[in-house]
Amino acid sequence: MVMKRKVALVTGAATGIGASLASALAEAGLRVFGADIAWDPATESKSYEQVHCDVADAKSVQECVDRIEEEAGGVDVLVNNAAMATELSPRPFDQLTPEEWTRVLTVNTLSQFLCCKAVVPHMRRKRWGRIINLTSATVFAGTPYMLHYIASKGAIVAMTRSLGAELGPDGITVNAIAPGLTETAGIQRNDAYSDEMKAGVIASRAIARAERAEDLVGTCLFLAGEGARFITGQIVVVDGGATFH
Ligand SMILES: NC(=O)c1ccc[n+]([C@@H]2O[C@H](COP(=O)([O-])OP(=O)(O)OC[C@H]3O[C@@H](n4cnc5c(N)ncnc54)[C@H](O)[C@@H]3O)[C@@H](O)[C@H]2O)c1
């Protein structure tokens, strides 16, 4: 079970998977801060606090974590979820520009490094911490036409393993969740998400239905809780049985 009185920071919590995970952690009794650059007053959540934070910017991340330290004593559970994902359109790799490549890698991968760096001093002092990174099952499927995105998510697999090894002696676990294609509002807005694509994705699964953000909640709560204390550096694929990793 997730421990009460812990403090969580969920990045990219304004919508989609991040919003579901932040709500679930709050419901489980944690004090939750959501960090995002795009809060929508219309979807304001009552269950977690909203912080404006650009996770790709070191100063912004440090200010966010400092504020949480002041208000709540520090981040015990970090969910590195923010990413450029649903707004990306599949394209052949040679049509991507170096600028697009750098931006996606910065927002998706540098951000997780920055957030880990900012929260780990508090976790080390407490000798307890949980870091949960969002990667993607696409890394294991060899999905084409998203090379910058796949590279960023592949890096997160490597970072999860390496940081898990590095932080184990401090009582901090580092694990990742690898969702399959998840029908968030962002995915539904993406022009590439056609009925044909949806049918193909569903047909590829042992559990043949669309994946929803709520399908990721149980894994996140488990990894954040005491029951997962001896699990680190692992990638949990949650995709209805399409990818066997
Ligand atoms: N939806 C899927 O099919 C799917 C599949 C596999 C993995 N994932 C991963 O799950 C995570 C969430 O996906 P989603 O579908 O909810 O995405 P989404 O696009 O719906 O939400 C992403 C959130 O991150 C925020 N964000 C983007 N850049 C930011 C920045 N610089 N600073 C702060 N916040 C920023 C956005 O404002 C948004 O609220 C991502 O890491 C994504 O790669 C998603």
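Figured I'd write up the structure that's included with this text. From a predicted model like this one, the values you see are computed outputs, not experimental measurements. Counting restarts for each chain, with residues numbered from 1 along the sequence as it is written. The predicted origin of the model limits local features to residues at a pLDDT of at least 70 and limits the giving and counting of side-chain atom pairs to 80 or more, whereas totals for whole chains, interfaces and linings rest on all residues. Computation of side-chain values covers all heavy atoms of the structure but excludes hydrogens and water.

## Description of the nonpolar core
The biggest cluster of nonpolar side chains holds 28 residues, and the ones touching the most others in it are Leu 21, Leu 25, Val 32, Val 77, Val 79, Ile 132 and Ile 177. Strands are runs of DSSP state E lasting at least 2 residues, helices are runs of H or I lasting at least 4, and numbering of each runs from the N terminus. Of all the secondary-structure elements, those providing two or more residues to this core are strand S1 (7-11), helix H1 (16-27), strand S4 (77-80), strand S5 (129-134) and helix H8 (217-224). Of all the elements, H1 adds the most residues to this core, at seven residues. Throughout, a contact is declared for two residues whenever any of their heavy atoms are within 4.5 Å. With residues near it in sequence (within four places) discarded, Ile 177 still touches Ile 132, Asn 133, Leu 134, Thr 135, Ser 136, Leu 216, Thr 219, Cys 220, Leu 223, Val 236 and Val 238. Grouping buried Ala, Val, Leu, Ile, Met, Phe, Trp, Tyr and Cys residues that are joined through side-chain atoms within 4.5 Å yields what is termed a nonpolar core. Only protein chains enter the accessibility calculation, which uses a 1.4 Å probe; a residue is then buried when its area is under 20% of its type maximum, exposed when over 50%, and partly exposed in between. Ranked by size, the runner-up nonpolar core spans 25 residues in total, among them Val 55, Ala 82, Leu 114 and Cys 116.

## A word on the site of the ligand
Throughout, the term near means that a residue has one or more heavy atoms lying within 4 Å of the molecule or strand in question. Near the ligand lie 28 residues; those nearest to it are Asp 36, Asn 81, Thr 86, Tyr 149 and Thr 182. Between an oxygen atom of the ligand and a main-chain N or O atom of Asn 81, the distance comes to 2.7 Å. In isolation the ligand offers 830 Å² of accessible surface; the protein chains occlude 94% of this area. Those elements giving two or more residues to the shell around the ligand turn out to be H1 and helix H5 (147-167). In protein, a polar contact means a hydrogen-donor-capable atom and an acceptor-capable atom, both N or O and within 3.5 Å, with residues adjacent in sequence counting only if both atoms are side-chain atoms; elsewhere, any N or O pair within 3.5 Å suffices. Residue burial considers only the protein chains on display, and all accessible areas are found by Shrake-Rupley using a 1.4 Å probe.

## Overview of unusual backbone geometry
Even without being glycine, Arg 127 reaches a positive phi, approximately 55°. As for its placement among the helices and strands, Arg 127 is situated in the loop between helix H3 (98-126) and S5. Even without glycine at this site, Tyr 145 takes up a positive phi of about 70°. Within the element layout of this structure, Tyr 145 appears in the loop between helix H4 (138-141) and H5.

## Examining the pattern of salt bridges
In the sections that follow, a salt bridge refers to a side-chain nitrogen of Lys or Arg positioned within 4 Å of a carboxyl oxygen of Asp or Glu. In the structure shown here, the tally under the stated rule is twelve salt bridges. For Asp 170, the salt bridge goes to Arg 124, with nearest N and O atoms at 3.0 Å. A residue pair is termed long-range when its members are at least 10 positions apart, and Asp 170 in the loop between H5 and strand S6 (172-179) and Arg 124 in helix H3 qualify at 46 residues. Among the salt bridges present, the one from Arg 130 reaches Glu 226, with a minimum N-O distance of 3.8 Å. One end of the pair, Arg 130, is in strand S5; the other, Glu 226, is in the loop between H8 and strand S7 (235-238), with 96 residues separating them in the sequence. The network of salt bridges with common partners includes Arg 31, Glu 49, Arg 67 and Glu 71.

## What about the pairing of S6?
With eight of its eight residues buried, S6 lies for the most part within the structure. Residues of S6 alternate between two faces, with Ile 172, Val 174, Ala 176 and Ala 178 on one and Thr 173, Asn 175, Ile 177 and Pro 179 on the opposite face, all of them buried. At least two DSSP bridges between two strands are required for those strands to pair. As paired elements, S5 and S6 share six bridges and run parallel to each other. If you follow Ile 131 over to S6, its bridge partner there is Val 174. The pairing of S6 with S7 spans four bridges and is classified as parallel. Bridging from a neighbouring strand, Pro 179 pairs with Val 238 of S7.

## Digging into the packing of helix H2 (residues 58-72) against H3
Angles here are taken between N-to-C directions and fall from 0 to 180 degrees, while the axes themselves are lines fitted to C-alpha atoms, restricted in helices to the stretch in contact. Where H2 contacts H3, the axes come no closer than 8 Å and their chain directions differ by 30°. Taken together, the axes of H2 and H3 are roughly parallel relative to one another. Regarding H2 and H3, the two cross each other, and that crossing is right-handed. Across the interface between the two elements, Ala 58, Val 61, Gln 62, Val 65 and Glu 69 from H2 touch Leu 114, Cys 115, Ala 118, Val 119, His 122 and Arg 125 from H3. Classification convention: Asp, Glu, Lys, Arg as charged; Ala, Val, Leu, Ile, Met, Phe, Trp, Tyr, Cys, Pro as nonpolar; all other residues, Gly among them, as polar. The class makeup of the residues in the contact of H2 with H3 is seven nonpolar, two polar and two charged. Any angle between 65 and 115 degrees counts as roughly perpendicular, while under 35 counts as roughly parallel, over 145 as roughly antiparallel, and the rest as oblique. Handedness of a crossing is defined here by the sense of rotation of the near helix relative to the far one, left-handed for an anticlockwise turn of less than a right angle and right-handed for a clockwise turn.

## A word on the sheet that holds S6
The seven strands lie next to each other as S3-S2-S1-S4-S5-S6-S7, forming an open sheet whose pairing is parallel. The open sheet is flanked by strand S3 (49-52) and S7, the only strands paired with a single partner. Geometrically, the sheet is characterised by an average inter-axis angle of 20° between neighbouring strands, direction not taken into account. The pairing of S1 with strand S2 (residues 31-36) spans five bridges and is classified as parallel. Residue pairing in the sheet places Thr 11 in a bridge with Ala 35 of S2. Along the sheet, H2 makes contact with S1, S2 and S3, crossing S2 at roughly 160°. Contacts between H5 and the sheet are confined to S5, S6 and S7, with S6 contributing the most and set at about 160° to the helix.

Just distances and angles here, no functional claims.
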